[in-house]
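# Chains, contacts and geometry: an overview
In case you want the letters, here they are:
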Amino acid sequence: MTDTKISLHQLMTILFLTLLPLGTERLPGRLSSVGAAAWLCPLLAGVVAVALAALVGRKPLLGQGDLLENLTRRWGGRMVRVAAGLFLLWGLYLTAAHAARIGSRLSDSLRASPLLITGAALLLAGWMASGGLPAFARACEVFTLAVGFGFFLIFLFGIFRLRWDYVLLWNWQELAQLPQGALSAGGTVAAGGYLLFLLGDVRPEPKAKGRVLRRLGELFLLLAAGVLLVLGRLGPELAAQVNRPFFQMVSGLGFEGAFQRLEELASALWVLGDVALLGLLLLVLRRLAARVLARQEGKGLGWVLTGLVFVGSLPVSYWNHVLAGAILPAGNLVALGLLVLCLGRQEKKREKSEKV
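This section reports on the structure supplied with the text. (Residues numbered from 1 in each chain as written. Predicted model: local features only at pLDDT ≥ 70, side-chain atom pairs only at ≥ 80, totals over all residues. Heavy atoms only, no water.)

### Here we look at the pattern of salt bridges
For the structure on display, the rule yields nine salt bridges. Here Glu25 makes a salt bridge to Arg105, at a shortest N to O gap of 3.4 Å. Note that Glu25 is positioned in helix H1 (residues 8–31) and Arg105 in helix H4 (residues 77–110), a separation of 80 residues in sequence. This pair shows no difference in class: Glu25 is buried, exactly as Arg105 is. Because the salt bridges share partners, they merge into one network encompassing Glu25, Arg101, Arg105 and Asp274. (Salt bridge = Lys/Arg side-chain N within 4 Å of Asp/Glu carboxyl O. Helix = DSSP H or I, 4+ residues; strand = E, 2+ residues; numbered from the N terminus. Buried < 20%, exposed > 50% of the residue type's maximum accessible area, 1.4 Å probe, protein only.)

### As for the packing of aromatic side chains
Summed over the entire model, instances satisfying the criterion amount to seven aromatic pairs. Note on Phe87 and Phe197: the rings are 5.4 Å apart at their centroids and 75° apart in plane angle, and the pair reads as edge-to-face. Taken together, the positions of Phe87 in helix H4 and Phe197 in the loop between helix H9 (178–189) and helix H10 (208–234) put the pair 110 residues apart, joining distant regions of the chain. For Phe87, a relative accessible area of 9% gives the class buried. The class for Phe197 is buried, based on a relative accessible area of 3%. Consider the rings of Phe246 and Trp270, whose centres lie 5.6 Å apart with planes at 25°: the pair is stacked. Here Phe246 is found in helix H12 (residues 245–251), whereas its partner Trp270 is found in helix H13 (residues 262–293), with 24 residues between them in sequence. (Phe/Tyr/Trp six-rings, centres within 6.5 Å; stacked < 30°, edge-to-face > 60°.)

Below, the structure written as structure tokens:
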């Protein structure tokens with residue numbers, strides 16, 4: 001019998017692969033208004049994320065079954081179907097927005113139609129998701145090696161060439177904006193919260209809580225390092241003015257005669273994380289749609305959702321200001337907050353049943 005479960009290491013690898021490229025691309029621009037202290041925002045957001053994970057995970061969550069199934073037994077099928085429908089609608093918009101972002105970014109360097117690139121990215125992500133979660137997780141493990149090595153090279157080339165006055169000379173006005181910046185940083189990467197719907201597909205392991213907290217901490221440290229590199233190389237003012245400051249920073253790291261095309265290399269590697277994010281969201285959307293429609297998950301349903309996401313990306317591609325605004329981060333935080341409440345409610349119900 002084929003094993004449909006994945007390990008906790010694979011789950012956290014998926015989270016790392018999907019959020020590191022997303023965060024390093026989006027956070028420097030969104031946090032540039034904070035000034036020299038902007039790189040502290042991911043650290044503050046990481047502290048909150050680790051604390052929430054520690055609070056929710058007081059009891060082992062792995063091995064407790066599918067989240068939607070557990071909520072159905074406790075709240076009833078109709079209520080859970082409505083909740084799944086709401087998460088499905090937001091997930092469709094979220095996936096469409098990220099698909100449009102990918103098409104917009106790559107169209108500049110490839111000189112191709114953004115819609116054509118968006119469609120190609122969605123086809124690749126849909127193909128990866130159609131193989132099921134275990135195959136998707138194995139592909140993500142390979143992709144993570146490439147993205148991790150690429151980020152290591154960028155950090156190595158950039159850390160010794162920073163203007164430290166750009167990142168260390170804080171003032172009270174900048175420090176006062178840290179909470180707002182942390183919310184923006186947390187909201188940007190909160191898209192990974194949809195991964196919680198896949199907890200039922202993870203094999204229970206000893207000391208799982210400690211591993212999750214450690215990997216979460218490492219992720220936010222790397223996101224802070226990415227923002228630090230951008231601010232230290234470009235400065236807060238220039239980072240606020242240029243489009244996609246992370247890749248602009250990378251373009252200035254090459255040496256004469258070698259590594260002069262680092263920007264293209266980084267952009268190509270970051271596509272792996274972008275496609276993995278789309279694939280992850282498509283996997284979750286397929287599960288949510290199956291719950292709403294009261295049918296089994298299948299490849300056909302996944303491809304229908306992929307088509308819907310592409311159609312949804314068409315209007316989003318013409319409203320690029322939505323991607324840089326507060327709608328996506330705020331919506332991601334609301335969705336993640338509701339998921340955390342559901343997990344907390346599930347844990348309380350389990351504790352009561354154990355006492356009885």
